[in-house]
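Tertiary structure, described
Letter by letter, the chains look like this.
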Amino acid sequence: MRKQIAAANWKMNLTLQQGEQLLDDIISQPHSLKENQQVVFAIPAPYLAMAQQKLRNKEQVFVAAQNCHSKKSGAYTGEISVDMLSSLGVHYVVLGHSERREYFNESNAFLAEKVNICLENNITPIFCCGEPLAVREAGTQNEYVALQLKESLYHLTADQLRKVVIAYEPIWAIGTGKTASSAQAQEMHAFIRGNIAAAYNAETANAISILYGGSVKAANAVELFSQPDVDGGLVGGASLVADEFVAIINALQ
Ligand code: 13P
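Residues numbered from 1 in each chain as written. Predicted model: local features only at pLDDT ≥ 70, side-chain atom pairs only at ≥ 80, totals over all residues. Heavy atoms only, no water.

**Points about the pattern of salt bridges**
Here is the rule we go by: The salt bridge criterion pairs a side-chain nitrogen of Lys or Arg with a carboxyl oxygen of Asp or Glu, the two atoms within 4 Å. Secondary structure follows DSSP: runs of H or I at least 4 residues long count as helices, runs of E at least 2 residues long count as strands, and numbering of each begins at the N terminus. Burial status follows relative accessibility: with a 1.4 Å probe on protein chains alone, a residue under 20% of its type maximum counts as buried, one over 50% as exposed, and anything between as partly exposed.
Throughout the structure, instances matching the rule amount to 12 salt bridges. Note that Asp229 and Arg2 form a salt bridge whose closest N and O atoms lie 3.9 Å from each other. Remark: Arg2 occurs in the segment before strand 1 (4-9) and Asp229 occurs in the loop between helix 11 (218-225) and strand 8 (232-235); sequence separation between them is 227 residues. Note that Glu20 is salt-bridged to Lys54, the shortest N-O span being 4.0 Å. A residue pair is termed long-range when its members are at least 10 positions apart, and Glu20 in helix 1 (residues 16-27) and Lys54 in helix 2 (residues 48-55) qualify at 34 residues. Judged by its relative accessible area of 29%, Glu20 is partly exposed. Taking the relative accessible area as the measure of exposure, Lys54 reaches 25% and is therefore partly exposed. If you follow the salt bridges from partner to partner, you end up with Arg2, Arg193, Asp229 and Asp231 in one network.

Rendered as C-alpha cells:
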C-alpha cells in the first residue's frame, strides 16, 4: 500500500519560538495515523535541529528540509548538504519547489543532480512539479509536467524512483486561494501515474505517492484526498495554523 502524507511547507515563515509553539500545538492535538500514513514538516533550515529533537519519539512524523545542494561538501557558502541533513536525522527534502525554480533558477537538470545525491544518502526527495497559469490556459500542462519528470527523474532505476515522493503543485494554485478542483487534481495525478507506468511499469507507478499542493486547507482536504490518485498534500499557508493542519492530517483517507 502506498504512503499517504500530510506535509507542511512552512516556507520562509515563523521565528524559532513561533515554530516551536506551532509544532507543540499540532502534536498535542489528537490525530490518528494509519500504518501507511505520515506527517512531514518541511521547515526552515535553522530550526531543523529543534524540530528533529521535538519530533524524535513521534512515530510516522518526519522532518524535511526545504532544499539541499547537489554537492557533498565544499566551497558553497550558504548552502546545505545532504550530509548535514543526515547528521541531523532528517528524512526528507523538498526539491524543485516552483518558488526555487522561479527565484533561484533551478533547472530540471540541476534538480536531477539533487535527486541523485539525496537518494545516494538515503534522504527521500519530495519532488515538486507543476505548470504555470499560461501553460494551463494553453492546455499543455501534461506535456509540461511530463518534461519535468523526464528530465529530473527518469534517469533513475525503478527501485530508485520508488523512493521518491512526487508533489504536483500547479503554480496558479499556490498561495492564491484558487485550488485546483478535485477533478483537475485527479486528472493530473492519474496522468503522472500513467506517465511513470509508460516509462517504467505499472507496479512502479502504483508504488509512488503523489501529493497535491496549492491552496490545500481543512475545507477542501477531504475532497482532494478522496481522489484515487491523490495520496495526500503539500500544504503552505494552512500548515501555519495548528487547527487547520491537524484537520488536514485527519483528512488523510
Ligand atoms: P499554499 O498551500 O500556501 O498554496 O502553498 C502550497 C505550496 O507551495 C506548498 O509547497
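Having seen the structure, we can now continue with the description.
**A word on the nonpolar core**
The nonpolar side chains of a soluble globular protein tend to be buried, and buried together. Let me state the cut-off plainly: Joining through side-chain atoms within 4.5 Å is the link that ties buried Ala, Val, Leu, Ile, Met, Phe, Trp, Tyr and Cys residues into a set, and such a set is a nonpolar core. It only takes one pair of heavy atoms within 4.5 Å for two residues to be counted as in contact.
Residues Phe41, Leu153, Ile166, Ile192 and Phe245 are the most contacted members of the largest nonpolar core, which totals 67 residues. Residues in contact with Leu153, not counting those within four places in the same chain, are Val115, Phe127, Gln148, Leu161, Val164, Ile166 and Tyr200. Ala7, Tyr92, Ile126 and Leu211 belong to the second largest nonpolar core, which has 14 residues in total.

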